[in-house]
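# Topology and contacts: notes
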Amino acid sequence: MHIRKNQRDLTPGEKRRLIEAVLELKRRGEYDEFVRMHGEFYVTDAEARPRPAHMTPSFFPWHRRYLLEFEQALQRIDPSVTVPYWDWTADRSPVSSLWADDFLGGTGRIGDRQVMDGPFAHRHGGWRINSRISDGRYLTRNLGRPSDPLALPTRADVDRALGQPVYDAPPWNSTVRSGFRNAVEGWNVDGERWRLHNRVHRWVGGLMTGATSPNDPVFWLHHAYIDLLWVRWRRAHPRAAPYLPHTRLPAGDPQAGRIFALDDPMPPWDVRPSALLDHSRLYRYA
Ligand code: CU1
Ligand code: CU1
């Protein structure tokens, strides 16, 4: 059992150990394997293939397992490390301590958006983007998109999503107008294209906007907060089904074979959403 803390509460030593473990994972080539895997499972609902990770009910359990795998890889390097979470409703500025030199580094420079400071700046040598997996050689960001400003989601936005009484609903894709899952995942709802989870990827900009967004280590802190929101939603709706659909869709359903019901094994781990509903044996949030 370990504890995932709010990133703003990390001590300088905890930040240093986390960064060191991430850089070591990168040196070993394991980090890029996580990036590659995310790109592989970036299947949209315009495709007829199975999509365990995005635009889909299993958005939450798939990313829970993905984060756990990453956290365990870090812990093989340094057992004291856990993935902190970024509460972007509270730390909403490009100059918050999250983006300081001693942690994730800041926004990209004008022109090519290259991140120039902090441990993930290309010029410091420890963070090269793998060109066989992603376009570009260096980490890019465009925090807040100054040329066309975009605000991070607010507490009220999060509360609205947490107020959804149902986990997810047909047609179980990016167009669902009700349900907690798409309210958080954030596709095409009421003409607003990027909400909560998606909007945060856009706000960071650069490599965070693409299929290989884990190239930016802030990905993990963002998704730890998304995971925490799932925990909070379940606490707020103890009588609601924790995951839907409960049973496999009938053969005639347009989403049959493309989405994952409660007991359908998800690739690449063959783990069922039902096995990931209870995080409390594994970690807790401070
Ligand atoms: Cu993802
Ligand atoms: Cu994401």
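Throughout what follows, the structure given in this document is the object of discussion. Computed from a predicted structure; not experimentally measured.

## A short note on the side chain of Asp216
- As for its placement among the helices and strands, Asp216 is situated in the loop between helix H6 (196–204) and helix H7 (218–236).
- A relative accessible area of 0% places Asp216 in the buried class.
- Here Arg141 takes part through its side chain, which lies 2.8 Å from a polar atom of the side chain of Asp216.
- Not counting residues within four places of it along the chain, the set of residues in contact with Asp216 comprises Tyr31, Leu139, Thr140, Arg141, Val204 and Met208.

## Quick word on the pattern of salt bridges
- Applying the stated criterion to the full structure yields 21 salt bridges.
- The shortest N-O distance in the salt bridge between Arg36 and Glu33 comes to 2.7 Å. With Arg36 and Glu33 both in helix H2 (residues 30–40), this residue pair falls three residues apart, about one helical turn.
- What makes Arg36 partly exposed here is its relative accessible area of 34%.
- Salt bridges linked by common partners bring Arg4, Arg64, Glu71 and Asp227 together as one network.

## A short note on the coordination of the copper ion (ligand 1)
- Protein-derived ligands of the copper ion (ligand 1) are His38 (NE2), His54 (NE2) and His63 (NE2), with the metal-ligand distances lying across 2.0 to 2.1 Å.
- Mapped onto the polypeptide sequence, the residues donating to the copper ion (ligand 1) form the spacing pattern H-x15-H-x8-H.
- Distance-wise, the copper ion (ligand 2) is placed 4.2 Å from the copper ion (ligand 1).
- The exposure class assigned to His63 is buried, which follows from its relative accessible area of 4%.

## Focus on helix H1 (residues 12–27)
- In a regular helix each residue adds 1.5 Å, so 16 residues correspond to 22 Å; H1 covers 22 Å between its end C-alpha atoms and thus fits that length.
- Among the residues making up H1, those that are buried are Gly13, Lys15, Leu18, Ile19, Ala21, Val22, Leu23, Leu25 and Lys26.
- Buried residues belonging to H1 abut H2 and helix H3 (59–77).
- Phi for Gly29, located one or two positions after H1, is positive at around 85°.

## Describing the coordination of the copper ion (ligand 2)
- The protein atoms that coordinate the copper ion (ligand 2) are His197 (NE2), His201 (NE2) and His223 (NE2), at distances spanning 2.0 Å.
- Read in sequence order, the donor residues coordinating the copper ion (ligand 2) give the pattern H-x3-H-x21-H.
- A residue is classified by how much of its surface remains accessible, and His197, at 4% relative accessible area, is buried.
- The class of His201 is buried, set by a relative accessible area of 9%.

## Describing empty space enclosed by the protein
- Tallied over the entire structure, the rule returns one cavity of 30 Å³ or more.
- Of the pockets and cavities examined, the largest cavity occupies roughly 60 Å³.
- Lining the largest cavity are Leu18, Ile19, Val22, Phe70, Leu74, Val83, Pro84, Leu104, Phe120, Pro217, Trp220 and Leu221.
- Residue contributions to the lining of the largest cavity peak at three residues, all from H1.

## Details of the packing of helix H4 (residues 155–162) against H7
- Where H4 meets H7, the axes come as close as 10 Å, and the angle between the chain directions of the two elements is 50°. As the angle between them shows, H4 and H7 are arranged oblique. You can see that H4 and H7 cross each other, and the crossing is right-handed. Every residue of H7 that contacts H4 at Arg155, Val158, Ala161 and Leu162 is listed here: Tyr225, Leu229, Arg232 and Trp233.
- A class-by-class count of the residues in the contact of H4 with H7 yields six nonpolar, no polar and two charged.

Here is what the cut-offs are and how they apply
Residues numbered from 1 in each chain as written. Chains lettered and ligands numbered in written order. Predicted model: local features only at pLDDT ≥ 70, side-chain atom pairs only at ≥ 80, totals over all residues. Heavy atoms only, no water. Helix = DSSP H or I, 4+ residues; strand = E, 2+ residues; numbered from the N terminus. Buried < 20%, exposed > 50% of the residue type's maximum accessible area, 1.4 Å probe, protein only. Polar contact = N/O pair within 3.5 Å; in protein donor to acceptor, adjacent residues only side chain to side chain. Contact = heavy atoms within 4.5 Å. Salt bridge = Lys/Arg side-chain N within 4 Å of Asp/Glu carboxyl O. Donors = N, O, S within 2.8 Å, 3.2 Å for Na, K, Ca; no water. Expected span 1.5 Å × (residues − 1). 1 Å grid on protein atoms, 1.4 Å probe; cavity = no way out; pocket = protein on both sides within 12 Å on 5 of 7 lines; lining within 4 Å. Points joined across faces, edges and corners; volume = space filled by probe spheres on them. Axes fitted to C-alpha atoms, helices over the stretch in contact; angles between N-to-C directions. Parallel < 35°, antiparallel > 145°, perpendicular 65-115°, else oblique. Left-handed = near helix turned anticlockwise from the far one by under 90°. Nonpolar A, V, L, I, M, F, W, Y, C, P; charged D, E, K, R; others polar.

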